Amino acid sequence: MIIKRDILLDEDYDLLIDGGDFVIGDCLNQQVALLLLASPGDIRSAPENGVGLPEYLLGEDNDHLNAEIRFQFKKDNLKLRKIKITSTQLTLDADHDS
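Here is a short report on the structure shown in this document.

Reading the values: the criteria
Residues numbered from 1 in each chain as written. Predicted model: local features only at pLDDT ≥ 70, side-chain atom pairs only at ≥ 80, totals over all residues. Heavy atoms only, no water. Helix = DSSP H or I, 4+ residues; strand = E, 2+ residues; numbered from the N terminus. Contact = heavy atoms within 4.5 Å. Pairing = 2+ DSSP bridges.

1. Comments concerning the environment of valine 23
Position of valine 23 among the secondary structure elements: in the loop between β3 (21-22) and β4 (24-26). Here the alpha-carbon distance between valine 23 and arginine 81, two residues 58 residues apart in the chain, equals 28 Å. If near-sequence neighbours (up to four positions away) are discounted, valine 23 is found in contact with Asp6, Ile7, Leu8, Leu16, Ile17 and Asp18.

Pasting the structure below:
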């Protein structure tokens, strides 16, 4: 298992600061969450990145969502081990690709 470290964000997606310093830690869950929530165009330095999960919430196109998650994760060097999409839940098992 590869553990990548980065500057962490708090639950409001602001920089996490402790004692006046940025908090550094395992960024896998944060990377997955940001990639799922961001829509293409949201990330200025990588405008083509982002699944845009909120746009799928009212839709029924789980096949397209599955394909988009797989495509975006691969592009962001994440290995998707398992994905399960139902009408009420999205379950993922991912890791950094070596």
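We are not done yet, so read on.
2. Observations concerning the pairing of strand β5 (residues 78-85)
Judged from the seven bridges that link them, β5 and strand β6 (residues 90-96) form a sheet pairing that is antiparallel. Bridge assignment links lysine 79 to a residue of β6, and that residue is aspartate 95. Connecting the antiparallel pair β5 and β6 is a turn made up of four residues.

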